[in-house]
Amino acid sequence: MAAQTDNLYALLRLPRDATREEIRAAYHDAARRHHPDANTDPDATEEFIQIQKAFETLSNPSSRKDYDFDNPPKDLPPQLKIKSYLSRKNLMPIPDPQLLFLLLDIQVEGVEKIRTPLNLCILIDRSTSMKGKRMDMVKETSRHLVQQLKPEDFLSVVTFGDRAEIVIPPGRNQDKRKIDAQISLIQPYGGTELFHGLQLAYRQVARNRKSTIINHIILITDGHTYGDEQNCIELAEEASLDGIHISGFGIGSEWNDSFLDKLTSITGGSSMYVANAREIRPFLQEKFGALNQTIAENVRLRMPELDENIRLNYVFRLQPEPTRLEQKRNISIGNIQDGKSLRFVMEFLIEGIQPDAQSLKVLDGSLWMEIPSRNVPTVRRPVAFELAMSKSDELEPPPPEIDQAMASLNFYRMQEQARAELENGNFEAATRRLKNLASQLLGDGEYKLATKILNEASVIENGDLTNDELRKEVKYGTRALMLPPGEGIYEL
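Owing to the predicted nature of the structure, the values given are computational and were not obtained by experimental measurement.

Draft legend 1. Seen up close, the overall build of the chain. When you go through the chain residue by residue, the secondary structure sums to 14 helices and 16 strands. Computed over the C-alpha atoms, the radius of gyration of the chain is 24 Å, within 12% of the 23 Å expected from 2.2 N^0.38 for a compact globule of 492 residues. By principal-axis analysis of the C-alpha atoms, the chain measures approximately 65 × 60 × 40 Å. Here the chain, with 492 residues, has 53% of them falling under the buried criterion. Side chains of the chain give 61 positive and 73 negative charges; the mean places of these two sets differ by 4 Å.

Draft legend 2. Structural context of the sheet that holds strand 3 (residues 98-109). Spatially, 1-3-14-11-12 is the arrangement adopted by the 5 strands of the open sheet, whose pairing is antiparallel. Two strands bound the open sheet, and with one partner strand each, they are strand 1 (79-86) and strand 12 (323-324). As paired elements, strand 3 and strand 14 (residues 342-350) share 9 bridges and run antiparallel to each other. Bridging across to strand 14, Leu99 finds its partner in Leu349.

Draft legend 3. Geometry of helix 5 (residues 133-148). Between its terminal C-alpha atoms helix 5 stretches 23 Å, which fits the 22 Å expected from 16 residues at 1.5 Å a residue. Taken together, the buried positions of helix 5 are occupied by Met135, Met137, Val138, Lys139, Thr141, Ser142, Leu145 and Val146. Among the structural elements, strand 4 (118-125), strand 5 (154-160), helix 6 (176-184), strand 7 (214-221), strand 8 (245-251) and helix 10 (280-292) are those in contact with the buried residues of helix 5.

Draft legend 4. Looking closely at the pattern of salt bridges. Evaluation of the coordinates by the stated rule reveals 35 salt bridges. A salt bridge links Arg32 to Asp29; the shortest N-O distance between them is 3.4 Å. Highlighted residues: Arg32 and Asp29, both in helix 2 (residues 20-34), separated by 3 residues, approximately one helical turn. Assessed through its relative accessible area of 23%, Asp29 is described here as partly exposed.

Draft legend 5. Spatial organisation of the packing of helix 5 against helix 6. Closest axis-to-axis distance for the helix 5/helix 6 pair is 10 Å, and the angle between their directions is 165°. Relative to helix 6, the element helix 5 lies roughly antiparallel. Note on packing geometry: the crossing formed by helix 5 with helix 6 is right-handed. Between helix 5 and helix 6, the contacting residues are Lys139, Ser142, Arg143, Val146, Gln147 and Gln148 on the first element and Lys176, Ile179, Asp180, Ile183 and Ser184 on the second. By residue class, the composition of the contact of helix 5 with helix 6 is 3 nonpolar, 4 polar and 4 charged.

Draft legend 6. Representation of the sheet that holds strand 10 (residues 294-302). With mixed pairing, 5 strands are arranged side by side in an open sheet as 2-16-15-10-13. The open sheet terminates on both sides in strands that have one partner only, identified here as strand 2 (90-91) and strand 13 (330-337). Taken together, the 2 bridges between strand 2 and strand 16 (residues 378-389) define a ladder with parallel strand orientation. By the bridge assignment for strand 16, Leu91 is matched with Met389.

Draft legend 7. Quick look at the nonpolar core. Core analysis: the largest hydrophobic core is formed by 37 residues, its most contacted members being Val108, Ile333, Ile336, Met346 and Met369. Secondary structure elements with two or more residues in this core: strand 3, strand 10, strand 11 (310-319), strand 13, strand 14, strand 15 (359-370) and strand 16. Sequence-distant contacts of Met346, defined by excluding residues within four places in its chain, comprise Leu100, Phe101, Leu102, Leu301, Met303, Leu312, Tyr314, Val315 and Ile331. If you look at the next biggest cluster of nonpolar residues, it comprises 31 residues, including Met130, Leu149, Val157 and Ile214.

Draft legend 8. Spotlight on the pairing of strand 16. In this structure, strand 15 lies alongside strand 16, joined through 11 bridges in antiparallel fashion. The residue bridging Met369 from the neighbouring strand is Val379, located in strand 16.

Draft legend 9. Seen up close, the environment of Phe101. Mapped onto the secondary structure, Phe101 falls in strand 3. The spacing of Phe101 and Val315 is 214 residues in sequence and 9.8 Å in space, taken between C-alpha atoms. With near-sequence residues (within four places) excluded, Phe101 lies in contact with Tyr85, Leu86, Ser87, Met346, Glu347, Ile402, Met406 and Arg413.

Draft legend 10. Local environment of helix 13 (residues 447-461). Under the 1.5 Å per step criterion, the end-to-end length of helix 13 is 21 Å for 15 residues, consistent within 8% with the ideal 21 Å. What helix 13 keeps buried is the set Leu449, Ala450, Ile453, Glu456, Ala457, Val459 and Ile460. Each element contacted by the buried residues of helix 13 is listed here: helix 11 (400-423), helix 12 (427-443) and helix 14 (468-480). Just downstream of helix 13, Gly463 is the residue with a positive phi angle, here 90°.

Draft legend 11. Expanded view of the side chain of Asn215. Residue position: Asn215 is located in strand 7. Taking the relative accessible area as the measure of exposure, Asn215 reaches 1% and is therefore buried. At 3.0 Å, the side chain of Asn215 and the side chain of Asn119 are in polar contact. If sequence neighbours within four positions are ignored, Asn215 has contacts with Asn119, Val205, Asn208, Arg209, Lys210, Gly243, Ile244, His245 and Glu297.

Draft legend 12. Structural view of the pairing of strand 6 (residues 164-172). Bridging between strand 5 and strand 6 involves 6 bridges; their strand directions are antiparallel. If you follow Val157 over to strand 6, its bridge partner there is Ile168. The antiparallel hairpin formed by strand 5 and strand 6 contains 3 residues in its connecting segment.

The rules behind the values
- Residues numbered from 1 in each chain as written.
- Predicted model: local features only at pLDDT ≥ 70, side-chain atom pairs only at ≥ 80, totals over all residues.
- Heavy atoms only, no water.
- Helix = DSSP H or I, 4+ residues; strand = E, 2+ residues; numbered from the N terminus.
- Rg over C-alpha atoms; globule rule 2.2 N^0.38 Å.
- Buried < 20%, exposed > 50% of the residue type's maximum accessible area, 1.4 Å probe, protein only.
- Lys, Arg positive; Asp, Glu negative; His and termini not counted.
- Charge placed at Lys NZ, Arg CZ, Asp CG, Glu CD.
- Pairing = 2+ DSSP bridges.
- Expected span 1.5 Å × (residues − 1).
- Contact = heavy atoms within 4.5 Å.
- Salt bridge = Lys/Arg side-chain N within 4 Å of Asp/Glu carboxyl O.
- Axes fitted to C-alpha atoms, helices over the stretch in contact; angles between N-to-C directions.
- Parallel < 35°, antiparallel > 145°, perpendicular 65-115°, else oblique.
- Left-handed = near helix turned anticlockwise from the far one by under 90°.
- Nonpolar A, V, L, I, M, F, W, Y, C, P; charged D, E, K, R; others polar.
- Core = buried A, V, L, I, M, F, W, Y, C linked by side-chain atoms within 4.5 Å.
- Polar contact = N/O pair within 3.5 Å; in protein donor to acceptor, adjacent residues only side chain to side chain.

Below, the structure is given as structure tokens:
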């Protein structure tokens, strides 16, 4: 991989106030991934040497002091506006289970508002099922996006079917007419084997990965990959550690939405349902526009081991691009767009509190992110919440922000629960839950979506469990309800 930057903190993706323990951990992580014995990239040796130099300088208090003196901060501290809302102010000292919801709203202000260069790979499924209008629209849209690239942007294009190929190698300020011609020559063939395509796309982005640019893979597919799902998941974990996001666009109804959801959410990305070929262009155009508006990327929540009385049940990003996030100690949350909030909600289950307990620290972690316009992009802010105990069983109502967030999320969770009941063979419970969901949506005026859900319930009652198109319309339709008014392009 090419050298990222001359700044040693940026090389290790650390803030200027990093502790010695954080410096050591960042070095071991970077060295493990970039050591020439484990990394076959031609630039891996140079990268590894730079990582060693950064560690040797920053881990020694004397040399770090000299380095900091010779390299003073070039930026004013960013203004991170972090608003937090808890569903309850107190807990009860009882062994019984108690639910707690935490909503975080993050905005970035006070940073230079310049367009951040892109390091983008478009990964295209070229299997036989993509032939016809689907492939034509993907190629047309890709060519349209290429015309919007700036000279400072990196672009690469990779295709996969039975094998993976580099159509456009990564580069800046490339001849757009030549790129257009190469994309036009893409022809469908073979099956759908994602791993080798994803691996090749990751390598193209990783060659130029920096904290000062937006590093992203856009995956476009219409089918299942078979036998290599776990390899793809492990590669997504690697991409997440490297600060590379993956967005997935599934065309039609044959692709595995559960798998694509997991693959993308590991990196803080998301999957989108594209019902037919004519919708490809607006969806990809919206994603491209969002990338161009990114002001902070790779927002992640680092948490230590939770207290034995606490379990993290659920994490969901409400905006932008609503999606369920992976429940890990290091949660990739996504990017922050200029002038917009990154909002996510966490559900904790708390039980087994002793009667003599005075308080409980629910969360003691930190939010990390990279602001590409800064000389040292990585910034960090602590997030900690400790709740006192109250013996009163009269709880105060949650703040309206929590009520609104949970109300918008409730519809999506109801369809999730219906899916789980179907998978467990409980068809009666699933149809009953879907009808209840439809009834609530009708009360909210969501007639089209409610009708789709009633249709799905009817299909299940008749014993048909194969209507993937209807299922995806319900899933992504309830997810789209969480978007702010005027955002998103999903329509039934």
